[in-house]
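# Analysis of the macromolecular model
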Amino acid sequence: MLKVFFLLFLLIPLIELYVLIQVGGVIGALPTILLTITTAIVGVALMRSQGVATMQNAQASMAVGEVPQLALMEGVFIFLGGVLLFIPGLISDAIGLLFLIPFVRRGLIRQSLKGYQAKGHFRYQNSQGDYFEGEWSEANPKPHEKLQHHSVIEGEVEDKDRR
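Parameters at a glance
- Numbers given for residues are sequential positions, taken from 1 along each chain in its written order.
- Where local features are concerned, this predicted model is filtered to residues with pLDDT of at least 70; where side-chain atom pairs are given and counted, the filter is 80 or more; whole-chain, interface and lining totals use all residues.
- With hydrogens and water excluded, all non-hydrogen atoms of the structure serve as input to the side-chain values.
- In this scheme Phe, Tyr and Trp rings, the latter by its six-membered ring, pair at centre separations within 6.5 Å, and the angle between planes marks the pair as stacked below 30 degrees, edge-to-face above 60, and tilted otherwise.
- For helices the rule is a DSSP run of H or I covering at least 4 residues; for strands it is a run of E covering at least 2, with both sets numbered from the N terminus onward.
- We call a residue buried when its accessible area falls under 20% of the maximum for its residue type, exposed when it is over 50%, and partly exposed in between, using a 1.4 Å probe and counting protein chains only.
- The contact criterion used throughout is that any non-hydrogen atoms of two residues lie within 4.5 Å.
- Expected span of a helix, by definition, is 1.5 Å for each gap between consecutive residues, and there is one gap fewer than residues.
- Each axis is a line fitted through C-alpha atoms, taken for helices only over the stretch in contact, and angles between the N-to-C directions span 0 to 180 degrees.
- Roughly parallel means an angle under 35 degrees; roughly antiparallel means over 145; roughly perpendicular covers 65 to 115; every other angle is labelled oblique.
- With the far helix as reference, a near helix turned anticlockwise by less than a right angle produces a left-handed crossing, and one turned clockwise produces a right-handed crossing.
- Polar here means any residue other than Ala, Val, Leu, Ile, Met, Phe, Trp, Tyr, Cys and Pro, which are nonpolar, and Asp, Glu, Lys and Arg, which are charged; Gly is therefore polar.
- Only residues whose relative accessible area exceeds 30% and that form no salt bridge enter a patch; like-charged residues are grouped when within 9 Å of one another, and nonpolar side chains (Val, Leu, Ile, Met, Phe, Trp, Tyr) when within 5 Å.
- Computed with the Shrake-Rupley method and a 1.4 Å probe, the accessible areas treat only the protein chains shown as cover for residues.
- Criterion for a salt bridge: a side-chain nitrogen of Lys or Arg within 4 Å of a carboxyl oxygen of Asp or Glu.

Considering all chains together, one arrives at one aromatic pair under this definition. A centroid spacing of 5.2 Å and a plane angle of 75° characterise the contact between Phe-77 and Phe-99, whose relative ring orientation is edge-to-face. Placement of the pair is Phe-77 in helix H3 (residues 69-86) and Phe-99 in helix H4 (residues 90-100), with a sequence separation of 22 residues. For Phe-77, a relative accessible area of 11% corresponds to the buried category. With relative accessibility at 15%, the residue Phe-99 sits in the buried group.

Written out as structure tokens, the structure is:
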């Protein structure tokens, strides 16, 4: 695994440098440098504005008692997009811009969550001091289905411990 990372850290900068040289040969050195600086500035601005909006979405989700899973994943992709835009190079800039386009980002999030395994652990203590513990896992979570019909059961609940 270490060899793969070493190879990536060696090849990616060389490919970025090659692309920069080729683009510089076509449009010139100064426009290439300005293009790289402009993408970094635009990336930081986009990252900031979309990051604030994602944080507000996460806070709104938490305010109604929902888990802000999508907002957190979007925050990760926005951060990665900003980092890639800040790194000098046109290939990393293109990938970073893709991460900052909302519908592309959501598609990437859906792809990354495929095959996600939901797991949980619970622990409960009743009024007598008994503990109940357990774990559960769901390999392929199924979407919630709408009920075709429903019946209403009326009744009363009586707690004998509160008397």
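Another aspect to go through is the environment of Ile-78. Positionally, Ile-78 belongs in helix H3. Ile-78 sits 24 residues away from Pro-102 along the chain, and the two C-alpha atoms are 9.3 Å apart. Setting aside residues up to four positions removed in sequence, Ile-78 forms contacts with Met-47, Gln-50, Gly-51, Thr-54, Leu-100 and Arg-105.

Let us look at helix H1 (residues 2-27). For H1, spanning 26 residues, the distance from its first C-alpha to its last is 38 Å, which sits close to the expected 38 Å at 1.5 Å a residue. At the C-terminal side of H1, Gly-28 shows a positive phi close to 105°.

This part takes up the side chain of Thr-39. Following the sequence through the fold, Thr-39 ends up in helix H2 (residues 29-63). On the basis of relative accessible area, Thr-39 is assigned to the buried category, the value being 13%. Setting aside residues up to four positions removed in sequence, Thr-39 forms contacts with Leu-85 and Asp-93.

What follows covers the packing of H3 against H4. Where H3 contacts H4, the two axes come as close as 7 Å, and the packing angle between them is 155°. Taken as axis vectors, H3 and H4 run roughly antiparallel relative to one another. Considering the relative orientation of H3 and H4, their crossing is left-handed. For the pair formed by H3 and H4, the contact residues are Phe-77, Ile-78, Leu-80, Gly-81, Leu-84 and Leu-85 on the first element and Ser-92, Asp-93, Ile-95, Gly-96, Leu-97, Phe-99 and Leu-100 on the second. Residues that form the contact of H3 with H4 fall into these classes: nine nonpolar, three polar and one charged.

With that out of the way, let us pick up a nonpolar patch on the surface. Together, Phe-6, Leu-7, Leu-10, Leu-11, Leu-14, Ile-15, Ile-91 and Ile-95 make up an exposed nonpolar region whose accessible area comes to about 720 Å². Among the elements that make up the nonpolar patch, the one with the highest residue count is H1 (six residues). Inspection of the secondary structure puts Leu-10 in helix H1. Note on Leu-10: relative accessible area 43%, which makes it partly exposed.

Listed as buried for H4 are Leu-90, Ser-92, Asp-93, Gly-96, Phe-99 and Leu-100. If you follow the buried residues of H4, they end up packed against H1, H2, H3 and helix H5 (102-113).

Counted under the stated rule, the structure contains two salt bridges. A salt bridge links Arg-105 to Glu-74; its shortest N-O distance comes to 3.8 Å. With Arg-105 in helix H5 and Glu-74 in helix H3, this residue pair connects regions lying 31 residues apart in the sequence. Both residues of the pair, Arg-105 and Glu-74, count as buried. When the shortest N-O distance is used, the salt bridge between Arg-106 and Glu-74 registers 2.8 Å. You can see Arg-106 sitting in helix H5 and its partner Glu-74 sitting in helix H3, a full 32 residues away along the chain. The class of Arg-106 is partly exposed, set by a relative accessible area of 36%. Salt bridges here are not isolated pairs; linked through shared partners, they connect Glu-74, Arg-105 and Arg-106.

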